[in-house]
Amino acid sequence: MLPLSVAGLSAALVATLERHGPDWDGLPDDSLPGDDPVSAYAAAEAHRQRMHGATPVACLRLLKECRRAFLALAEGQTAAPLDPEEAKTYRALTERFFDGVELALCAEWTETEAPSKRLAATQEQCRDLNAEKNLFLTMFESLDTPVFLLDDDLNAETMNRAAARLTGIERRTGQTGRDGLPDKPCQGAGASLRRRLPWLADALERACPLEPGRRACRFDASGETPDGVRRFSVAISRMDEGPGGAPRSIVTLEDITERTAMERQLAREHERAAHYLDIVGSIVVVLDTVGNVTLINRAGCATLGYAEDEIIGHNWLDLIVPEEQRDETRDYFYCINCGDADLDAQYTNYVTTRTGEHRLITWKNQLLTDETGTPSGILSSGTDITEQRAAEQALAQKELWLRSTFVSLGEAVFILTPDARILDANPAARNMFQMTEEELEGASVAILHTGRDSFREFERRVLAGLEAQGQTHLEYVMRRKDGSEFPTENSVSRILGDDGSELGTVSVVRDISNRKEAEQRIKRSEEKFRRIFETIEDGYIVTDMDGTVRMVNPATCALLGYSESELVGRSMGGHYVDDNERARFILALEATGSARGHQLTARRKDGTQIIVEASANLVHDESGRPVGKEGTFRDITKRIEADRQLHEREKQYRALFENNHAVMLLMDPRTGRIVDANPAAVLFYGHPAETLRAMSLSDINAQDEKAIFKEMVDSRRERRPYFIHRHRLANGEERDVEVYSGPIMVQGNQLIYSVVHDITERARLEREMKRLATTDALTGAGNRHEFFRLAEQELRRARRYGHALSVIMLDIDYFKSINDTHGHQTGDAVLKALSALVRASLRDTDIFGRLGGEEFAIVLPETDLENGRRVAQRLREDLAGLTVRLRDKAVNFTVSIGIAALKNKDRVIEDTVNRADEALYRAKRMGRNRVETG
């Protein structure tokens, strides 16, 4: 049977309520079918159920269930509970409604129809069943899937055309009888499956024996067919009571040969893909639309340190992405799924490994979609660039250092292309040749030479040196922009690419004018330099490779207390106090060819010891073989003593620093970090000393960078030796401080030494004094002097930028009468009330001042005359509606206002104010409580 129409029930109930109201008493005895919604619904439902073979009992049972559900609604089980009285009324209505439906349904069912109508209905049902049967048989015969109806002996009672072709039987369609089977056996009926398709019969008995109680089963089987060996999916459905009462089975075969081949191919492709993913060096991960990992390759597991089963099924963002990058990465995934991300661009973020290490990965992402184009996930291929990024940063730092060195070198450096054109030149080169960067860039290096022939000779010599040694050094005369020539020393080297190809050359040019002049002076006066050599204070010694003295200068004799004859020809070994010091000095000299700044202890002739600082070089002959040693030394005994005394003074400074009652800080100027703080600073700021030393200046400074910079500019402009800042204490309190700072060297480090004075109270008094000097004491408005000072500034700004400016003059009407009638205390209250209302109505950029008595003025920057008039009119109306109450008195007043806009002829602000003042008095003369323009 069919289920009852709940929609029809609801419609009938609503219609009954609309027609009869909630107090309906039920169906009247003389009601006719169709007269009311209840009987109409019952008639329609009875006809519908009877046509589908339902019984009255079954219909009444369903109606009872519907009654129970509707009563539950009437009892208040709704989103908005009913009032108890309303619920009671509607429950009674529902009960009467379902009683009426039951009566009408029974009455309709028991109504006797004419036999002719019943016969016609039966014939109509037979025609419908016959049409359905023919439709089923047509569909059965047209199926491409073989279908058999088998008895328990696996004999075919019937089969469709596809099954006949499979068994090799030519069959024709028979006429069907009442039981749904052919009246006469058609070809194929009764055919034995064991004889026609033995492989299928064997598979049925082996994989799915037709036992009683077993309803259905499915398996795959392969066998020989007219089309060759094919693979089938076999489905069996048991019919315990078929036509004639004997059990039968329906067997369908779905040809899955191509699908099986495709699945095997896909399996092989999947295996190859899995193998590729495992051997590829990149991280490959597949995420679903919510970010859960569905696939990850071996490289990904190795990089992250997780086993595959520890990642699969987990959320990538929660497990792998650092917390600080999750929101950004989640937004990026959302953009990919929405199609808004640029998938050609790489995305880089950090991942967290199992050990907590952060690795930097660059990703290429691809959106995965299903057959309908709906996003199903994201395929990501990532490369670990942690070491690469570190190397790039190191390379960038090195390049920055090289560039800084290139720019800061005192020698001229040119980068040249292979065809000898200038690619780059450092500032020293531009200064040396008196040319700008634009003049040098791209120009031929020939412009730096004295002529074309000179340049060609220079090129020839450079090329010869480069081919022989890869670099060349030569002296050559070159020319500046002004035409002056000067001698230079050129060092030229090739710049080679990674493949060995020549990218260009680098040429270092030194101006050796001074050296040449020195050489000339040396040639002209060798004796002069001999005297200098003999009079230098540093000792100079030349020995052979065995350490035997060959030459000394007079300073050596004086420092060691020997005559020249006592030193020359003797070994240096006797002058060392510590043989280990001598061994280390000689080892460094022979290892690198030079030794610099070694401190040694030497013994003088009288047995006293001195500390010397020695430097030495190996002397080579023309073939480059070392043949001797030369060195200088100086007595640093006194310097050592001075360093000791300096250390003592540093200890004294430390004592002064620690015991001083003034707040003192030491700061690193490069980082702003507080290096040290004395006990007074610890007491003032409220932080422990260790905490202060871990803080920077920005941690205690309560001002922003803009305010700090302004103070530094103000201090320099005012030539003050101190800065005024606001510092924050540990308890959050902010204090005004005066900071005296200067550089200081501490243990070889350049630091900033600051003395901090608390001037909070002084600053407060200064601000109060400034307020008293610029503010009208009674009204809080700016006083006359401050008004005109600020107004003049605004006038200059408006002139500079061509902006509009308006001036308002405002005067209280009959103010003397208010004072005379109510007293000066009331007059003061009126002035205060006016000032408060006006200040609250104006912008922060507007200027408001009391010029005297009851007269006030306003400057409106960026305001033309029309907009200024609107402001004045609004003020006039607001003040007219203001009531000033003082004890039992209530005073109302009005104002007259004049307004004028800045004109080109106004040279000072007083010109504009005077025109506004004239407009004010015109408003007075025209009746007061009005606005006039001037």
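Computed from a predicted structure; not experimentally measured.

1. Regarding the nonpolar core
Most often, soluble globular proteins keep nonpolar side chains buried together rather than apart.
And step 1. Core analysis: the largest hydrophobic core is formed by 29 residues, its most contacted members being I812, L834, L879 and F893.
And step 2. Taken together, the elements giving at least two residues each to this core come down to β26 (805–812), α30 (815–822), α31 (824–841), β28 (855–861), α32 (865–880) and β31 (895–901).
And step 3. Sorting elements by how many residues they give to this core places α31 first, with six residues.
And step 4. If we skip the residues at most four places from it in the chain, F893 touches I812, I818, V830, L834, L879, A880, L882 and V884.
And step 5. The next biggest cluster of nonpolar side chains, apart from the first, holds 26 residues, and it includes A156, W199, A203 and C217.

2. Topic: α31
And step 1. With 18 residues, α31 should reach 26 Å at 1.5 Å per residue; the first-to-last C-alpha distance of 26 Å fits that figure.
And step 2. Along α31, the positions that sit buried rather than exposed are T826, G827, A829, V830, L831, L834, S835, L837 and V838.

3. Thoughts on the pairing of strand β24 (residues 734–746)
And step 1. Examined bridge by bridge, strand β23 (residues 723–728) and β24 share six bridges and lie antiparallel to one another. Pairing of R726 across the sheet is with D736, part of β24.
And step 2. From the end of β23 to the start of β24, which pair antiparallel, there are five residues, and G732 there has a positive phi angle of about 90°.
And step 3. For β24 and strand β25 (residues 749–758), the ladder comprises 10 bridges, and the chain directions are antiparallel. Paired with P743 across the two strands is I752, which belongs to β25.
And step 4. Joining the antiparallel neighbours β24 and β25 is a turn of two residues, in which Q747 adopts a positive phi near 55°.

4. Regarding the packing of aromatic side chains
And step 1. Enumeration according to the criterion identifies 12 aromatic pairs in this entry.
And step 2. Ring centres of F70 and F98 lie 5.5 Å apart, and the angle between their planes is 65°; on these two criteria the pair is classed as edge-to-face. You can see F70 sitting in helix α3 (residues 56–74) and its partner F98 sitting in helix α4 (residues 84–110), a full 28 residues away along the chain. For the pair F70 and F98, one class covers both residues: buried.

5. Describing the UniProt feature "domain: GGDEF" (unreviewed entry) in the protein
And step 1. UniProt's feature table lists "domain: GGDEF" (unreviewed entry) at residues 803–934, given in the numbering used throughout.
And step 2. Secondary structure content for residues 803–934 is 45% helix and 30% strand, and the end C-alpha separation is 19 Å.

6. Describing the packing of helix α29 (residues 784–801) against helix α33 (residues 909–925)
And step 1. Put simply, α29 and α33 touch, their axes get as near as 9 Å, and they point 105° apart. Viewed along their axes, α29 and α33 adopt a mutual orientation that is roughly perpendicular. Residue-level inspection shows F788, A791, E792 and L795 of α29 in contact with α33, the latter providing I909, E910 and V913.
And step 2. Partitioned by chemical class, the residues of the contact of α29 with α33 number five nonpolar, no polar and two charged.

7. Comments concerning the environment of I744
And step 1. Structurally, I744 can be placed in strand β24.
And step 2. Judged by relative accessible area, which is 22%, I744 ranks as partly exposed.
And step 3. Spatially, the C-alpha atoms of I744 and M667 are 9.9 Å apart, while their sequence positions differ by 77 residues.
And step 4. If near-sequence neighbours (up to four positions away) are discounted, I744 is found in contact with Y653, L666, N749, Q750, L751, I752 and Y753.

8. Overview of helix α8 (residues 198–207)
Side chains three or four residues apart in an α-helix point the same way, a direct result of the helix having 3.6 residues per turn.
And step 1. The complete set of buried residues in α8 reads W199, L200, A201, A203 and L204.
And step 2. On its buried face, α8 is in contact with β1 (147–150), α7 (193–196), β3 (216–225), β4 (228–239) and β5 (248–255).

9. Here we look at the sheet that holds β31
Within a sheet, neighbouring strands are paired by backbone hydrogen bonds and run either parallel or antiparallel to one another.
And step 1. One open sheet holds the five strands; their spatial order is β27-β28-β26-β31-β32, and the pairing between them is mixed. The open sheet is flanked by β27 (847–852) and β32 (931–933), the only strands paired with a single partner. Strand-to-strand twist across the sheet, computed as the mean angle between neighbouring axes with direction ignored, equals 20°.
And step 2. Where β27 meets β28, five bridges bridge the pair, whose relative direction is antiparallel. What sits directly across from F848, in β28, is I858.
And step 3. Packed on one face of the sheet, α32 meets β26, β28, β31 and β32 and runs near 170° to β31.
And step 4. Contacts from α33 reach β26, β28, β31 and β32, with the element oriented near 145° to β31.

10. Some remarks on the state of the cysteines
And step 1. Going through the model one piece at a time under the given rule, you end up with zero disulfides.
And step 2. Here C335 stays unpaired: no disulfide links it, and the sulfur of C338, its closest cysteine neighbor, is 6.8 Å away.

11. Brief notes about the sheet that holds strand β12 (residues 422–425)
And step 1. An order of β12-β11-β15-β14-β13 is seen for the five strands of this open sheet, with the pairing classed as antiparallel. In the strand order of this sheet, the two ends are held by β12 and β13 (471–479), each with one partner. Sheet twist, expressed as the mean angle between neighbouring strand axes with direction ignored, is 25°.
And step 2. Pairing of strand β11 (residues 412–416) with β12 involves three bridges; the strand directions are antiparallel. Note that in β12 the partner of F414 across the bridge is A425.
And step 3. Sitting on the sheet, helix α17 (residues 452–469) touches β13, β14 (485–496) and β15 (502–511), and the angle it makes with β13 is about 170°.

Rules of the game
Residues take numbers from 1 onward in each chain, read along the sequence in its written order. The model is predicted, so local features are restricted to residues of pLDDT at least 70 and side-chain atom pairs to those at 80 or more, both for listing and for counting; the totals for chains, interfaces and linings are taken over all residues. Working from all heavy atoms in the structure, the side-chain values ignore hydrogens and water. Residue types Ala, Val, Leu, Ile, Met, Phe, Trp, Tyr and Cys, when buried and joined through side-chain atoms within 4.5 Å, form a set referred to as a nonpolar core. Only protein chains enter the accessibility calculation, which uses a 1.4 Å probe; a residue is then buried when its area is under 20% of its type maximum, exposed when over 50%, and partly exposed in between. Think of it this way: any DSSP run of H or I at least four residues long counts as a helix, any run of E at least two long counts as a strand, and we number them from the N terminus. Note on definitions: a residue-residue contact is assigned when non-hydrogen atoms from the two residues lie within 4.5 Å. Any helix carries an expected span of 1.5 Å times its number of residues minus one. Strand pairing is assigned whenever DSSP detects at least two bridges linking the two strands. Here the aromatic set is Phe, Tyr and Trp, taking the six-membered ring for Trp, and pairing holds for ring centres within 6.5 Å; pairs whose planes are under 30 degrees apart are stacked, those over 60 apart are edge-to-face, and all others are tilted. UniProt positions are given in the numbering used here, feature names are shortened, and annotations may be inferred rather than shown by experiment. Axis definition: a line fit to C-alpha positions, over the contact stretch in the case of helices; interaxial angles, taken between N-to-C directions, run 0 to 180 degrees. Each angle is binned into one of four classes, with values under 35 degrees roughly parallel, values over 145 roughly antiparallel, values of 65 to 115 roughly perpendicular, and all other values oblique. Each residue is assigned to one of three groups, with Ala, Val, Leu, Ile, Met, Phe, Trp, Tyr, Cys and Pro labelled nonpolar, Asp, Glu, Lys and Arg labelled charged, and all others, Gly among them, labelled polar. Cysteine sulfur atoms are paired as a disulfide whenever they fall within 2.5 Å.

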